[in-house]
Amino acid sequence: MTDIERVGVVGCGQMGAGIAEVCARAGLDVMVAETTGEALELGRTRLVNSLGKAAQRGKITEEERDVTLDRLAFTTDLGDFADRDLVVEAVIENEQVKTEIFQVLDQVVTRSDAILASNTSSIPLVKLAVATSRPDQVIGIHFFNPAPVQQLVEIIPALTTAEETIKRAEAAVTGLLGKHTIRAQDRSGFVVNALLIPYLLSAIRMFESGIASREDIDNGMEMGCAHPMGPLKLTDLIGLDTVASVAYSMYEEFKEPLYAAPPLLQRMVDAGRLGRKAGAGFYAYS
Ligand SMILES: NC(=O)c1ccc[n+]([C@@H]2O[C@H](COP(=O)([O-])OP(=O)(O)OC[C@H]3O[C@@H](n4cnc5c(N)ncnc54)[C@H](O)[C@@H]3O)[C@@H](O)[C@H]2O)c1
């Protein structure tokens with residue numbers, strides 16, 4: 001049993017839209033926040049298209065699509081999150097931006113035992129927790145991309161997180177959303193990115209040094225190791241800015257050379273080649 005009915009999602013990019021969809025499809029009342037009306041419209045379109053595709057593919061009926069859309073509300077004012085039981089922050093991987101959002105959420109969310117969660121891939125949860133007056137209620141709930149498809153969610157308690165918060169978060173993610181959880185300590189990269197990011201960075205270094213073409217690197221892992229997607233395609237899917245930010249946080253934490261972003265990755269981010277979401281990364285997308 002869980003006491004979560006009203007969810008807030010901050011950020012409606014790739015992950016925020018996916019998380020909002022998962023929650024709305026589970027029957028929850030969902031409010032999504034973005035910075036500007038334009039970003040909100042982009043996010044809403046992302047959600048409408050994703051639900052439309054799910055209906056076309058027969059994963060949900062057209063009626064379920066419409067009911068799900070009715071459960072979603074959109075705002076540019078975090079003040080509208082006052083009545084939320086659970087908030088999942090899913091904005092860009094930037095510590096300062098996330099910290100400011102947690103400070104605002106702490107002010108506006110009125111329920112005294114609301115859970116304030118972050119979908120961060122690498123930023124220490126404890127830093128977000130201590131930005132609030134309720135560090136015992138802050139936790140990492142880390143979904144995978146695309147959230148409606150991927151079964152896994154990492155649960156990351158900060159040093160300050162109460163056992164009760166961990167239990168309620170796990171119950172909501174498994175019982176309400178039907179996902180599988182694994183628990184990780186609050187160390188940059190947690191479980192999956194700690195293993196994945198050095199692999200992706202190694203593939204970028206291999207491409208950068210001219211050892212093989214991007215297609216041969218991806219085909220190597222798809223056909224040689226049965227990975228569903230090669231590392232350069234996967235980097236494009238995640239977003240090169242996100243991969244670079246996660247690598248930066250992991251390198252800051254461990255000073256492990258394998259976590260250092262190769263120059264090509266940073267240059268591509270500087271050039272705006274952020275991957276699928278920008279129409280270009282290691283590959284071009286229409
Ligand atoms: N991309 C992935 O594969 C993946 C997987 C798991 C977790 N994550 C994590 O999820 C988070 C979001 O990643 P993404 O891929 O969705 O990024 P994205 O670039 O697709 O979306 C980020 C969104 O945040 C919005 N935003 C920025 N500042 C905001 C603010 N102050 N208030 C409200 N919205 C704001 C932006 O307008 C944008 O729409 C990051 O912390 C990332 O590390 C990403």
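Residues numbered from 1 in each chain as written. Predicted model: local features only at pLDDT ≥ 70, side-chain atom pairs only at ≥ 80, totals over all residues. Heavy atoms only, no water.

For clarity, the cut-off: UniProt positions are given in the numbering used here, feature names are shortened, and annotations may be inferred rather than shown by experiment.
Identification of the protein chain as 3-hydroxybutyryl-CoA dehydrogenase from Streptomyces daqingensis is taken from an unreviewed UniProt entry. Turning to the protein chain, the UniProt annotation filed under Sequence similarities (unreviewed entry) states: "Belongs to the 3-hydroxyacyl-CoA dehydrogenase family." Database annotation for the protein chain, UniProt heading Pathway (unreviewed entry): "Lipid metabolism; butanoate metabolism."

## Comments concerning the overall build of the protein chain
Under the convention used in this document: Numbering of helices and strands runs from the N terminus; a helix is a DSSP stretch of H or I covering at least four residues, while a strand is a stretch of E covering at least two. Note that the radius of gyration is over C-alpha atoms, with the globule rule given as 2.2 Å times the number of residues to the power 0.38. Only protein chains enter the accessibility calculation, which uses a 1.4 Å probe; a residue is then buried when its area is under 20% of its type maximum, exposed when over 50%, and partly exposed in between. Pairs of residues are marked as contacts when any of their non-hydrogen atoms sit within 4.5 Å. Only the protein chains shown count as cover for residues, and the accessible areas themselves come from Shrake-Rupley with a 1.4 Å probe. Charge counting follows a simple rule: Lys and Arg are positive, Asp and Glu are negative, and His as well as the terminal groups are ignored. For charged residues, the charge sits on one atom: NZ in Lys, CZ in Arg, CG in Asp, CD in Glu.
Within the protein chain one finds 11 helices and eight strands. On C-alpha atoms alone, the protein chain measures out to a radius of gyration of 19 Å, which is about the 19 Å that the 2.2 N^0.38 rule sets for 286 residues. Taking all 286 residues of the protein chain together, the buried fraction comes to 49%. Counted over contacts in the protein chain with a minimum sequence separation of 6, partners at least 24 positions apart contribute 67%. Of the roughly 13,200 Å² of accessible surface on the protein chain, 53% is carried by carbon and sulfur atoms. Seen as two clouds, the 27 positive and the 39 negative side-chain charges of the protein chain have centres 3 Å apart.

## Let's talk about empty space enclosed by the protein
Threshold: Grid points spaced at 1 Å over the protein atoms alone were grouped into cavities, where a 1.4 Å probe fits but cannot get out, and pockets, open sets with protein on both sides within 12 Å along at least five of seven lines, with lining residues defined by an atom within 4 Å of a point. Grid points are joined across faces, edges and corners, and a volume is the space filled by probe spheres set on the points.
Taken as a whole and assessed by the stated rule, the structure comprises one cavity of 30 Å³ or more. The computed volume of the largest cavity comes to approximately 60 Å³. As for the largest cavity, its lining consists of I4, I19, C23, L28, L86, V88, I141, F143, A172, V173, L176 and L177. Only α1 (14-25), β4 (86-89), β6 (138-143) and α6 (163-176) provide two or more residues apiece to the lining of the largest cavity. The element that contributes the greatest number of residues to the lining of the largest cavity is α6, accounting for three residues.

## A word on the UniProt feature "domain: 3-hydroxyacyl-CoA dehydrogenase C-terminal" (unreviewed entry) in the protein chain
As annotated by UniProt and renumbered to match this structure, "domain: 3-hydroxyacyl-CoA dehydrogenase C-terminal" (unreviewed entry) occupies residues 189-285. The annotated region residues 189-285 carries 62% helix and 0% strand content, and the separation between its end C-alpha atoms amounts to 28 Å.

## Some words on the domain arrangement of the protein chain
How we decide: Residue ranges labeled as domains rest on an automatic or database domain assignment. The buried area of a pairing is the accessible area, by a 1.4 Å probe, that goes missing from both parts when the two are put together, added over both. A pairing counts as a salt bridge when a side-chain nitrogen of Lys or Arg comes within 4 Å of a carboxyl oxygen of Asp or Glu. Polar contact is the term for a pair of N or O atoms within 3.5 Å; when the atoms are in protein, one must be able to donate a hydrogen and the other to accept it, and sequence-neighboring residues count only if both atoms are side-chain atoms. For this scheme, ten residues count as nonpolar: Ala, Val, Leu, Ile, Met, Phe, Trp, Tyr, Cys and Pro. Four count as charged, namely Asp, Glu, Lys and Arg, and the remainder, Gly too, count as polar.
When the domains of the protein chain are assigned, the result is domain 1 (6-183) and domain 2 (193-277). The gap between the C-alpha centroids of domain 1 and domain 2 is 26 Å. Residue-level contacts link eight residues of domain 1 with eight residues of domain 2. Approximately 710 Å² of surface area, both sides summed, lies buried where domain 1 meets domain 2, with 51% of it carried by carbon and sulfur atoms. Looking at the side of domain 1 facing domain 2, the largest losses of area belong to Q14, E93 and S122, adding up to 52% of the total buried there. Across the contact surface, domain 1 and domain 2 share zero salt bridges. The tally of links between domain 1 and domain 2 comes to four residue pairs in polar contact (both at pLDDT 80 or more). Tallied by class, the residues present in the side of domain 1 that touches domain 2 amount to two nonpolar, five polar and one charged.

## What to know about the site of the ligand
We apply this condition: Residues are labelled near a given molecule or strand when at least one of their non-hydrogen atoms is within 4 Å of it.
Not every one of the 24 residues close to the ligand is listed here, only the nearest: M15, E34, E93, S121 and I238. One nitrogen or oxygen atom from the main chain of V91 is found 3.2 Å from an oxygen atom belonging to the ligand. Between an oxygen atom of the ligand and a side-chain N or O atom of K98, the distance comes to 2.8 Å. For the shell around the ligand, the secondary-structure elements that each account for two or more residues are α1, α4 (95-108) and β6. Per-class residue counts for the shell around the ligand are 10 nonpolar, 10 polar and four charged. Counting residues domain by domain, the shell around the ligand receives three or more from each of domain 1 (6-183) and domain 2 (193-277).

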